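Summary of the model geometry
If you want the building blocks of each chain, they are given just below.
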Amino acid sequence: MQVPAAFEYAKATTVSQTLELLSQWGEDARVIAGGHSLIPMMKLRLARPTALIDINDVSELSYIRVEGGELRIGALTRHAELLDSALVEEHYRIFRDAERVIADPIVRNRGTVGGSLCQADPAEDLSAAFAAVDASVVIQGAQNGVQRSRTVKLTEFHVGPYETVVEAGELLTEVRVPIRPGGGSAYTKVERRVGDWAVAAAGAAIWTDAAGTVSNVGIGLAAVGAEHFRAAEAEAYLVGKPATEESFAEAGRIAAEHSNPVADQRGPVDYKRHLAGELTVRALRAAAARARGQEA
């Protein structure tokens, strides 16, 4: 029977209280909401926090709204809430696509947006989706009793597998996505079975001008070793190019070339690199069709 090592436990009801508890228990304390990644790691003794701070009752972190020209999503927002939100679907269909292939209803009902991003699993779907739409995150902390806040681009948030820039005593509180009218977005994934981690996945958000030229684009990749979950070289190629199958095919080739997958039980390197290119093309094709007002 797998049993975690001993730990302290407290239930917080506000962000301020959470930060106080994090300060009190030090760098080995962890916050928990869904716990679908942390608890299994604790059972395997891969994670041994000295204290868990339960934030399920911190209701101020559970919301989806538009403010200041941005879609703002509280860190405690559940996957199911993101999937069902009409506001999210209105602006970014990519999240509906991604959430449909994340785990199962049980996990989606309890797992949180902030928890997924902070887990920083290289195969995590929301990290790739948020990377594609140029998201930023808000991180709060406290120093000498004074709360402070900083905003970090998602491309700077993940610093390695299972590592982020969130420091001891800090808490991710919000995700912000700039709203840019006229675009389209999509997410596509290959998995061994329904709800599994990705063998490879790609998300895309694209905007074109009246002539059909790509004016802005974001491409996110999961499970293929893309730096910061982003296909930056493919994005740079596409800007200024026509939104055509030929351009998308070349962008896919570039995305595959710059991916760095590892061989594991889900497949060899060549297969994953091929998927990185193919899924990039599919995501761009679907996103462009949505930008034109055509369902894909």
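Refer to the structure presented above.
For clarity, every value in this text was computed on a predicted model and none was experimentally measured.

Once that is clear, we can look at the pairing of strand β3 (residues 51-54). Here β3 shows two buried faces, one formed by A51 and I53 and the other by L52 and D54. Pairing between strand β1 (residues 8-11) and β3: four bridges, direction parallel. Counted as the bridge partner of A10 is I53 from β3. Taken together, the four bridges between strand β2 (residues 29-32) and β3 define a ladder with parallel strand orientation. Opposite R30, over in β3, you have L52 as the bridge partner.

This part takes up the environment of E174. With respect to the helices, strands and loops of the structure, E174 is situated in strand β10 (residues 171-178). Here the alpha-carbon distance between E174 and S62, two residues 112 residues apart in the chain, equals 9.2 Å. Filtering out sequence-adjacent residues up to four positions away, E174 remains in contact with Y63, R65, R72, I73, A75, S136, V137 and V138. A distance of 2.5 Å separates the side chain of E174 from the side chain of Y63, its partner in a polar contact. Here R176 takes part through its side chain, which lies 2.5 Å from a polar atom of the side chain of E174.

What follows covers the sheet that holds β2. Strands belonging to one sheet form pairs held by backbone hydrogen bonds; the direction of such a pair is parallel or antiparallel. Taken in spatial order, the three strands line up as β1-β3-β2 in an open sheet, and their pairing is parallel. The sheet terminates laterally at β1 and β2, the two strands that pair on one side only. Mean inter-strand twist for the sheet, computed between neighbouring axes without regard to direction, equals 20 degrees. Strands β1, β2 and β3 of the sheet are contacted by helix α1 (residues 15-25), whose axis makes an angle of about 180 degrees with β3.

We now examine the side chain of T173. For T173, the position within the fold is in strand β10. When its relative accessible area of 3% is taken as the criterion, T173 is described as buried. In this structure, T173 is in contact with L61, Y63, I73, G74, A75, V138 and Q140, ignoring residues within four places of it in sequence.

It is worth spelling out the environment of G184 at this point. In this fold, G184 is placed in strand β11 (residues 184-191). Between the C-alpha atoms of G184 and A231, which are 47 residues apart in sequence, the distance is 17 Å. Contact partners of G184, with chain neighbours within four places excluded, come to A204, A205, I206, A287, R290 and A291.

Under the criterion given, the structure shown has 26 salt bridges. E170 serves as the salt-bridge partner of R150, at 2.7 Å between the closest nitrogen and oxygen. With R150 in strand β7 (residues 146-153) and E170 in the loop between β9 (163-164) and β10, this residue pair connects regions lying 20 residues apart in the sequence. Given the relative accessible area of 27%, R150 is considered partly exposed. Take E170: its relative accessible area is 7%, and that puts it in the buried class. The salt bridge involving R192 is made with D196; its shortest N-O contact spans 3.1 Å. Exposure remark for R192: the relative accessible area of 42% places this residue in the partly exposed category. Note on D196: relative accessible area 7%, which makes it buried. Among the charged side chains, a network of salt bridges with common partners joins E89, R93, R96, D97 and R290.

Analysis parameters
- Residues numbered from 1 in each chain as written.
- Predicted model: local features only at pLDDT ≥ 70, side-chain atom pairs only at ≥ 80, totals over all residues.
- Heavy atoms only, no water.
- Buried < 20%, exposed > 50% of the residue type's maximum accessible area, 1.4 Å probe, protein only.
- Helix = DSSP H or I, 4+ residues; strand = E, 2+ residues; numbered from the N terminus.
- Pairing = 2+ DSSP bridges.
- Contact = heavy atoms within 4.5 Å.
- Polar contact = N/O pair within 3.5 Å; in protein donor to acceptor, adjacent residues only side chain to side chain.
- Axes fitted to C-alpha atoms, helices over the stretch in contact; angles between N-to-C directions.
- Salt bridge = Lys/Arg side-chain N within 4 Å of Asp/Glu carboxyl O.

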